[in-house]
Amino acid sequence: MSPFLTTRDPQGGTRFRPFAIPLIIAAICTPVAAAMALSSTGLGAGVGMAVGALAATSLVTFAARAKPDGKLEVAPSEDGGHRVLVLAVDEATPAAAQRIADITGSPSDVRLLVPVPSHRLDRWLSAEDKARREAEGRLARSAGVLVAAGLPVSGAVGDADPAQALEDELRGYPADEVVLLNSGGKDPLGKVESRLGLPLRRVSA
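Here's a quick rundown of the structure. (Residues numbered from 1 in each chain as written. Predicted model: local features only at pLDDT ≥ 70, side-chain atom pairs only at ≥ 80, totals over all residues. Heavy atoms only, no water.)

## Some thoughts on the overall build of the protein chain
Argument step 1. Secondary structure assignment for the protein chain yields 7 helices and 7 strands.
Argument step 2. Reading the helices (α) and strands (β) of the protein chain from amino to carboxyl end gives β-β-α-α-β-α-β-α-α-β-α-β-α-β.
Argument step 3. Within the protein chain, the proportion of its 205 residues that are buried is 38%.
Argument step 4. Across the protein chain, contacts joining residues at least 24 apart in sequence account for 68% of those joining residues at least 6 apart.
Argument step 5. Total accessible area on the protein chain is roughly 11400 Å²; 58% of this is exposed by carbon and sulfur atoms. (Helix = DSSP H or I, 4+ residues; strand = E, 2+ residues; numbered from the N terminus. Buried < 20%, exposed > 50% of the residue type's maximum accessible area, 1.4 Å probe, protein only. Contact = heavy atoms within 4.5 Å. Areas by Shrake-Rupley, 256 points an atom, 1.4 Å probe, with all protein chains shown as cover.)

Structure representation (structure tokens):
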């Protein structure tokens, strides 16, 4: 996206300049309108639709890469308890559970959140039953080792996208900190960490 249309925020995200949205809309609509006006000539219609499609593709690409504004919403706490949300991208082991117990102290509640391990095609086809059963099994086993480590655990299964699962859960769960349980590789919370507003710890599964 051209720097003429966008600017960078302090967190490194991309933002449209105030005049950019109307300009992009005009860039999409004008060639489409021209194509309709020139529909009697195959060349005019083809060029107009091609330019409109290019403008629309650029807008969609920018929207996919742009970072949303604002902190993630976290449910308010009604008491003084210390609550920890554990996002388990991978299954907890006894060693990982003990590490979580050591770094979180004595929380009043630990919410174990397991994303459904499905692919985008599965979601489009509504073929998530097997993936949800897998997530529920991982939730049960991970909860067992966390309880064995002395932690008071409640659990939930969330969205296939770990970042979206976290955002959804925080709207109803008043967490004081977040623990990411992951075996390594790509950080699933990298795109929302700057918006989290809560301490984030990482534990290897």
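## Let's talk about the environment of E73
Argument step 1. Note on placement: E73 falls in the loop between α2 (42–65) and β3 (83–88).
Argument step 2. In the structure, E73 is positioned 124 residues away from G197 in sequence and 9.1 Å away in space, judged by C-alpha atoms.
Argument step 3. Those residues in contact with E73 that lie beyond four places of it in its chain are L170 and R171.

## Describing the sheet that holds strand β5 (residues 153–158)
Argument step 1. Spatially, 5 strands are ordered β5-β4-β3-β6-β7 in an open sheet, and the strand pairing comes out parallel. Of all the strands in the sheet, the pair left with one neighbour each is β5 and β7 (200–204). Between one strand and the next, the sheet's axes are offset by a mean angle of 20°, whatever the strand orientation.
Argument step 2. For β3 and strand β4 (residues 109–115), the ladder comprises 5 bridges, and the chain directions are parallel. Paired with V84 across the bridge in β4 is V110. (Pairing = 2+ DSSP bridges. Axes fitted to C-alpha atoms, helices over the stretch in contact; angles between N-to-C directions.)

## Overview of the environment of V179
Argument step 1. Considering the arrangement of structural elements, one finds V179 in strand β6 (residues 177–182).
Argument step 2. On a C-alpha basis, the gap between V179 and I103 in space is 9.5 Å, while along the polypeptide they are 76 residues apart.
Argument step 3. Every residue in contact with V179, bar those within four places of it in the chain, is listed here: V84, L85, V86, L87, I100, I103, T104, R201 and V203.

## Observations regarding the side chain of R83
Argument step 1. Mapped onto the secondary structure, R83 falls in strand β3.
Argument step 2. Engagement of the side chain of R83 in a polar contact is seen with the side chain of D79, the distance being 2.9 Å.
Argument step 3. Excluding anything up to four places from it in sequence, R83 contacts S77, S108, D109, Y173, P174, A175, D176 and E177. (Polar contact = N/O pair within 3.5 Å; in protein donor to acceptor, adjacent residues only side chain to side chain.)

## Focus: the pattern of salt bridges
Argument step 1. Using the criterion set out here, one finds 11 salt bridges in the structure.
Argument step 2. With a shortest N-O distance of 2.9 Å, D79 and R83 are connected by a salt bridge.
Argument step 3. Given a relative accessible area of 43%, D79 falls into the partly exposed group.
Argument step 4. Owing to a relative accessible area of 15%, R83 belongs among the buried residues under this scheme.
Argument step 5. One salt bridge in this structure joins R201 and E177, with 2.7 Å as the shortest N-O distance. Taken together, the residues R201 in strand β7 and E177 in strand β6 connect sequence positions 24 residues apart. (Salt bridge = Lys/Arg side-chain N within 4 Å of Asp/Glu carboxyl O.)

## Points about the nonpolar core
Argument step 1. Residues V86, I100, L112, V179, L181 and V203 are the most contacted members of the largest nonpolar core, which totals 23 residues.
Argument step 2. Mapped by element, the contributors of at least two residues to this core are β3, α3 (94–104), β4, α5 (129–148) and β6.
Argument step 3. Discounting chain neighbours no more than four positions away, the residues touching V203 are A96, R99, I100, I103, V179, L180, L181 and N182.
Argument step 4. Counting 18 residues, the second largest nonpolar core, distinct from the first, contains A175, V192, L198 and L200. (Core = buried A, V, L, I, M, F, W, Y, C linked by side-chain atoms within 4.5 Å.)

## A word on the pairing of β3
Argument step 1. Most of β3 is tucked away, with 6 of its 6 residues classed as buried.
Argument step 2. Neither face of β3 is left uncovered, since the one carrying R83, L85 and L87 and the one carrying V84, V86 and A88 both have all their residues buried.
Argument step 3. The β-α-β motif built from β3, the intervening α3 and the parallel element β4 has right-handed crossover chirality.
Argument step 4. Where β3 meets β6, 5 bridges bridge the pair, whose relative direction is parallel. Bridged to V86 within β6 is V179. (Right-handed = clockwise from strand over helix to strand, strands pointing away.)

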